Amino acid sequence: MQTKIKTISKISVAFVTLTCLGSVALLLRILSVGYLLNFNRKYFIPFTSKLILKIIEVDIELPKEIEFINKGQYFITFNHNSALDIFVLTALGHTNTIFLLSEKTLKIFPLTITALSIGVLYIPQQHHVERRLSFFKKLEKLAKSKKINIAGSSEGVHDHHHGIDRFNKGVYHFATACKLDIIPYFITTPKKNDILEGYLSDVNKGLIRIEKLETIDTQNWTLDDLVKNKEATRAVFVNKFNEVYNTELA
């Protein structure tokens with residue numbers, strides 16, 4: 001009973017903190033007419049994300065060198081096993097980077113106002129076929145007209161299991177069409193924190209580590225090889241997952 005009360009207390013404090021700081025960050029974006037977007041991305045929201053993780057007693061280990069990402073234009077992707085992933089990723093402080101989230105997360109108000117403060121775009125879910133297609137067409141035009149990175153989960157919205165889910169074709173069609181090299185981030189999450197559904201399960205103490213894997217060159221990719229290249233990228237994550245967790249996923 002005491003454990004449950006402590007968990008609820010940590011979540012409550014975290015959500016209130018996220019709402020307050022997210023509101024300040026969003027106000028900064030609005031009042032500056034967007035000029036402080038990169039300030040929020042590099043300083044304000046990384047501070048907020050690290051604070052949220054500290055409140056729920058989760059430690060984080062970031063790569064030693066992360067500034068490289070600001071020198072090019074990339075598609076950034078990652079394995080997605082925890083609801084805490086968004087805090088780990090935004091803690092990196094990447095500027096000129098647009099994160100993609102599912103419209104499913106719009107119901108989480110504290111997260112939504114924080115996300116809007118850094119210019120997050122929301123992907124329509126797969127059953128909204130026409131809107132989803134229109135979204136990726138607009139995203140492609142944006143990426144080709146501005147030197148900006150796009151960051152999103154290859155697995156998208158999926159049922160939880162301890163592993164690497166199937167990869168969606170949409171983001172790889174986009175990366176191929178825009179000739180964006182891929183930055184793979186691998187997030188090592190303790191299995192006790194390794195839950196997508198249900199925030200009560202995501203607040204156990206533990207250390208989450210994020211590391212950059214080798215950049216994937218897409219300059220010779222074609223849409224004819226879309227499935228092959230998507231699966232080859234997934235294999236990179238599967239191999240890393242097996243190495244880290246001593247498993248034999250396929």
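Everything numeric in this text was worked out from a predicted model, so none of it was measured.

Basis of the calculations
Residues numbered from 1 in each chain as written. Predicted model: local features only at pLDDT ≥ 70, side-chain atom pairs only at ≥ 80, totals over all residues. Heavy atoms only, no water. Helix = DSSP H or I, 4+ residues; strand = E, 2+ residues; numbered from the N terminus. Buried < 20%, exposed > 50% of the residue type's maximum accessible area, 1.4 Å probe, protein only. Contact = heavy atoms within 4.5 Å. Areas by Shrake-Rupley, 256 points an atom, 1.4 Å probe, with all protein chains shown as cover. Lys, Arg positive; Asp, Glu negative; His and termini not counted. Charge placed at Lys NZ, Arg CZ, Asp CG, Glu CD. Pairing = 2+ DSSP bridges. Axes fitted to C-alpha atoms, helices over the stretch in contact; angles between N-to-C directions. Salt bridge = Lys/Arg side-chain N within 4 Å of Asp/Glu carboxyl O. Core = buried A, V, L, I, M, F, W, Y, C linked by side-chain atoms within 4.5 Å.

Q: Report on the overall build of the protein chain, specifying residues and quantitative values.
A: A tally of regular secondary structure across the protein chain gives seven helices and seven strands. Counting from the amino terminus, helix and strand elements in the protein chain follow one another as α-α-β-β-α-β-α-β-α-β-α-β-β-α. Its C-alpha atoms put the protein chain at 55 × 50 × 40 Å along the principal axes. Taking all 250 residues of the protein chain together, the buried fraction comes to 52%. A separation threshold of at least 6 residues defines the contact pool for the protein chain, and within that pool the share at least 24 residues apart is 73%. Surface accessibility of the protein chain: about 12600 Å² in total, with carbon and sulfur atoms responsible for 58%. In the protein chain, which carries 32 positive and 24 negative side-chain charges, the distance between the mean positions of the two groups comes to 6 Å.

Q: Report on the sheet that holds strand 2 (residues 74-78), specifying residues and quantitative values.
A: Within the open sheet, the seven strands sit side by side as 1-7-6-2-5-3-4. Their pairing is mixed. On the outer flanks of this sheet lie strand 1 (58-61) and strand 4 (121-123), each paired with one strand and no other. Between one strand axis and the next, the sheet turns by 25° as a mean value, whatever way the strands run. Bridging between strand 2 and strand 6 (residues 181-188) involves five bridges; their strand directions are parallel. Residue pairing for strand 6: Phe-75 is matched across the bridge by Ile-182. Relative to strand 2, helix 6 (residues 170-178) is tilted by about 155°, and along the sheet it contacts strand 2, strand 5 (149-151) and strand 6.

Q: So what's going on with the pattern of salt bridges? Which residues, and what values?
A: Scanning the entire structure with this criterion turns up six salt bridges. A salt bridge links Glu-57 to Lys-10; the nearest nitrogen and oxygen atoms lie 3.1 Å apart. Of this pair, Glu-57 sits in the loop between helix 2 (37-55) and strand 1 while Lys-10 sits in helix 1 (residues 2-31), and the two are 47 residues apart along the sequence. Look at Lys-10 and you get buried, because its relative accessible area is 11%. Its salt-bridge partner being Glu-140, residue Lys-144 comes within 2.9 Å of it at the nearest N-O pair. Pair noted here: Lys-144 and Glu-140 are both in helix 5 (residues 129-145), with a separation of four residues, about one helical turn. Three or more residues joined by partner-sharing salt bridges are found here, namely Glu-211, Lys-240 and Glu-243.

Q: Residues and numbers for the side chain of Asn-229, please.
A: Following the sequence through the fold, Asn-229 ends up in helix 7 (residues 226-245). By relative accessible area, Asn-229 is classed as buried at 10%. Setting aside residues no more than four positions away along its own chain, Asn-229 makes contact with Trp-221 and Thr-222.

Q: Can you lay out the nonpolar core for me, pointing to particular residues and giving the numbers?
A: It is characteristic of soluble globular proteins that their nonpolar side chains tend to be buried jointly. One finds Phe-87, Leu-89, Val-120, Tyr-185 and Ile-210 to be the most contacted residues of the largest nonpolar core, which totals 33 residues. Contributions of two or more residues to this core are made by helix 1, helix 2, strand 2, helix 3 (85-90), strand 3 (97-102), helix 4 (109-116), strand 6 and strand 7 (206-212).

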